[in-house]
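These are the residues of each chain, in order.
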Number of protein chains: 2
Amino acid sequence: MNELEDFLALKHRFIPQLSVDCVIFGFHNQQLKVLLLKLKNLDLWALPGGYVEQSEGIDDAAQRILEERTGLRDIYLEQFRVFGSADRSTKEFIQKIMEVHHPESMNEPWVLQRYVSIGYYALVDFSKVNPTPDFLSEYCEWFEMKQLPKLAFDHREIIQKALETLRITLDSKLVGSNLLPETFTMMELQSLYETILEMPLRRNNFQRKMLSLDILERIEKLYTGAANKAPYLYRFKKS
Amino acid sequence: MNELEDFLALKHRFIPQLSVDCVIFGFHNQQLKVLLLKLKNLDLWALPGGYVEQSEGIDDAAQRILEERTGLRDIYLEQFRVFGSADRSTKEFIQKIMEVHHPESMNEPWVLQRYVSIGYYALVDFSKVNPTPDFLSEYCEWFEMKQLPKLAFDHREIIQKALETLRITLDSKLVGSNLLPETFTMMELQSLYETILEMPLRRNNFQRKMLSLDILERIEKLYTGAANKAPYLYRFKKS
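Residues numbered from 1 in each chain as written. Chains lettered and ligands numbered in written order. Predicted model: local features only at pLDDT ≥ 70, side-chain atom pairs only at ≥ 80, totals over all residues. Heavy atoms only, no water.

A. Inspection of the overall build of chain A at higher detail. Helix and strand counts for chain A stand at seven helices and 10 strands. Taking all 239 residues of chain A together, the buried fraction comes to 49%. (Helix = DSSP H or I, 4+ residues; strand = E, 2+ residues; numbered from the N terminus. Buried < 20%, exposed > 50% of the residue type's maximum accessible area, 1.4 Å probe, protein only.)

B. Local environment of the environment of G71 of chain B. Residue and element names in this part refer to chain B. Tracing the backbone through its elements, the reader meets G71 in the loop between α2 (58-70) and β5 (76-83). Of the residues examined, G71 reaches a relative accessible area of 51% and is grouped as exposed. C-alpha separation for the pair G71 and T132, spaced 61 residues apart in sequence, amounts to 7.8 Å. Those residues within four positions of G71 in sequence are excluded, and the remaining contacts are L66 and N130. (Contact = heavy atoms within 4.5 Å.)

C. Highlighting the relation of the copies chain B and chain A. Taken as rigid bodies, chain B and chain A are interconverted by a rotation of 180° and an axial shift of 0.0 Å, the fit giving an RMSD of 0.0 Å. Expressed as a symmetry operation, the mapping of one chain copy onto the other fits a two-fold axis. Taking C-alpha positions as reference, the residue of chain B nearest the rotation axis is P16 of chain B, located at 3.3 Å. Taken as a fraction of all interface residues of chain B, those also at the interface in chain A reach 100%, which identifies the copy contact as same-surface. (Least-squares fit on C-alpha atoms with pLDDT ≥ 70 in both.)

D. Summary view of the packing of aromatic side chains. Residue and element names in this part refer to chain A. One pass over the full model with this rule turns up 19 aromatic pairs over all chains. A centroid spacing of 5.6 Å and a plane angle of 55° characterise the contact between F14 and Y51, whose relative ring orientation is tilted. A residue pair is termed long-range when its members are at least 10 positions apart, and F14 in strand β1 (residues 14-28) and Y51 in strand β4 (residues 49-53) qualify at 37 residues. The class for F14 is buried, based on a relative accessible area of 9%. Considering the side-chain rings of F80 and Y121, the 6.1 Å spacing of their centres and the 55° angle between planes classify their relative orientation as tilted. Of this pair, F80 sits in strand β5 (residues 76-83) while Y121 sits in strand β6 (residues 116-123), and the two are 41 residues apart along the sequence. (Phe/Tyr/Trp six-rings, centres within 6.5 Å; stacked < 30°, edge-to-face > 60°.)

E. Here's a closer look at the side chain of E56 of chain A. Looking at the element boundaries, E56 of chain A is found in the loop between β4 and α2 (58-70). Looking at E56 of chain A, its side chain comes within polar contact range of the side chain of R64 of chain A, at 2.7 Å. Setting aside its immediate chain neighbours within four residues, E56 of chain A contacts Y51, A61 and R64 of chain A together with G84, A86 and R114 of chain B. (Polar contact = N/O pair within 3.5 Å; in protein donor to acceptor, adjacent residues only side chain to side chain.)

F. Geometry of the sheet that holds strand β10 (residues 233-236) of chain B. Residues and elements named next belong to chain B. In space, the three strands of this open sheet follow the order β8-β10-β9, with antiparallel pairing throughout. Edge positions in the sheet fall to β8 (184-185) and β9 (216-219), since each has one partner strand and no second. As judged from the four bridges shared by β9 and β10, these two strands associate in the antiparallel manner. Note on β10: the bridge partner recorded for I219 is L233. (Pairing = 2+ DSSP bridges.)

G. Representation of α2 of chain B in the model. Residue and element names in this part refer to chain B. The end-to-end C-alpha separation of α2 is 18 Å, in line with the 18 Å expected for 13 residues at 1.5 Å each. Every buried residue of α2 is listed here: I58, A61, A62, I65, L66, R69 and T70. One face of α2 carries all of its buried residues, which in axial projection span an arc of 145°. With its phi angle positive at about 80°, G71 sits one or two positions after the end of α2. (Expected span 1.5 Å × (residues − 1). Arc of directions from axis to C-beta.)

H. Just the pattern of salt bridges, in detail. As enumerated under the stated definition, the model contains 25 salt bridges over all chains in all. Residue E67 of chain B is joined to R73 of chain B by a salt bridge in which the shortest nitrogen-to-oxygen separation is 3.4 Å. What you see here is one network of salt bridges that share partners, running through R13, E53, E56, R64, E68 and R69 of chain A. (Salt bridge = Lys/Arg side-chain N within 4 Å of Asp/Glu carboxyl O.)

I. Highlighting the sheet that holds strand β8 (residues 184-185) of chain A. The strand order β8-β10-β9 (chain A) describes an open sheet built from three strands, whose pairing is antiparallel. Every interior strand has two partners, whereas the edge strands, β8 and β9 (216-219) of chain A, have only one.

J. Structural context of the packing of helix α6 (residues 186-197) of chain A against helix α7 (residues 203-212) of chain A. Residues and elements named next belong to chain A. Between α6 and α7, whose axes approach to 11 Å, the crossing angle comes to 100°. As the angle between them shows, α6 and α7 are arranged roughly perpendicular. Residues M186, M187, L189, Q190 and Y193 of α6 pack against R203, F206, Q207, M210 and L211 of α7. Residue composition of the contact of α6 with α7, grouped by class: seven nonpolar, two polar and one charged. (Axes fitted to C-alpha atoms, helices over the stretch in contact; angles between N-to-C directions. Parallel < 35°, antiparallel > 145°, perpendicular 65-115°, else oblique. Nonpolar A, V, L, I, M, F, W, Y, C, P; charged D, E, K, R; others polar.)

K. Spotlight on the interface of chain B and chain A. Tallying the contact residues gives 22 residues for chain B and 22 residues for chain A. Roughly 1,600 Å² is buried in total at the junction of chain B and chain A, and carbon and sulfur atoms are behind 51% of that figure. Per-residue buried area on chain B facing chain A is highest for Q79, V82 and R114 of chain B; these three make up 28% of the total on that side. On inspection of chain B and its partner chain A, the count reaches zero salt bridges. Where chain B touches chain A, the interface holds 12 residue pairs in polar contact (both at pLDDT 80 or more). If you list the elements that add at least two residues to the side of chain B that touches chain A, you get β1 (14-28), β4 (49-53), β5 and β6 (116-123) of chain B. (Buried area = accessible area lost by both parts, 1.4 Å probe.)

Spelled out as structure tokens, the structure:
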């Protein structure tokens, strides 16, 4: 376990008692999904997360963690909330994790301290992600938001707060442009909205609202000579 | 300086390298104002802030800091952003502050470390606040948003981000109900909006929009027998 030893040896490398947790959203088969890690030898899943190096900005730390778990660089991500209640009971869980595989780490009390965690959400192109577990986990997999497994710490609450933030910011073009491919139909855009909002939307109203936001560009159809019943394609305007 | 000695002696009481900064907004004389502290012997002002105790939630820490500076309990406050770039250059400023009045503290390197700061904004009833400096500052005063003094650290950026958040959340009733008195006229409400948004609003449109949000309750006028040209008073509906 070189990676763990490195980690334990380098405790001065990180800001103590501060962590970053990332809610990585993808959209696939009309489902909003989130990327989770299965903790080793425990029936628990967790969000990808990590620590902030002393010489590293918090946003850079989140980008680094995301790259390690997904293989993607320059992912769209946003801070959305800090989780810092005194009773996050992180200690008990970390103790379990460490006892199972790394009893030697139990001599390092700094690992077991209370952590304040900065929540980030990321929007990624599902098809481009290469899920990669870290040294505390055995799998890294996508889960549908509606079928989340048993989660460690307060990670269910963190995911819920990330989703609430996503809903509030849905009308900025960034959400759609990060979760949809380059071009898409109005139906596909509506489907993304319906999935995130968990409610059906009326087609005419939706189309009118989207066009009024002035964030979409309609792509002209190529003239093929044949009758063309295919729906229009759209893309987000370049800002 | 008992308070400072206590503070330096009790370094294990706080989560290291983590701070809270509070942007306290009040509304007075048609101006949005923010509460600032004048640092001792330096030509610099700073936001009210402090540290998080090991046994204290981050929201509780913010409430405690707010109460110490304003005398008010149970203030409306919200986290809005974490300021954690690696080059916040906090160290240099803290060094200046400490050198001037408390050279003995320079032997405590933990005071000079990099800090990640959680930004909170608070909405208070201007008339009820009793501004109280802390042990690093000589005055605690209100400033108009448009006439801010020279600020320490990245506090100007923190105030700017708080204002942006306030604008985005303006249509929730909480902003108005915390900055206005119990009852108010539609003109007073419009004036608050115009001040925060820094733009004039059309009276008819504003009134229609506010009423459509279904958050206001109109108070019936008392029948006095005299011709009554006074404007209607409103209050926010109880939720």
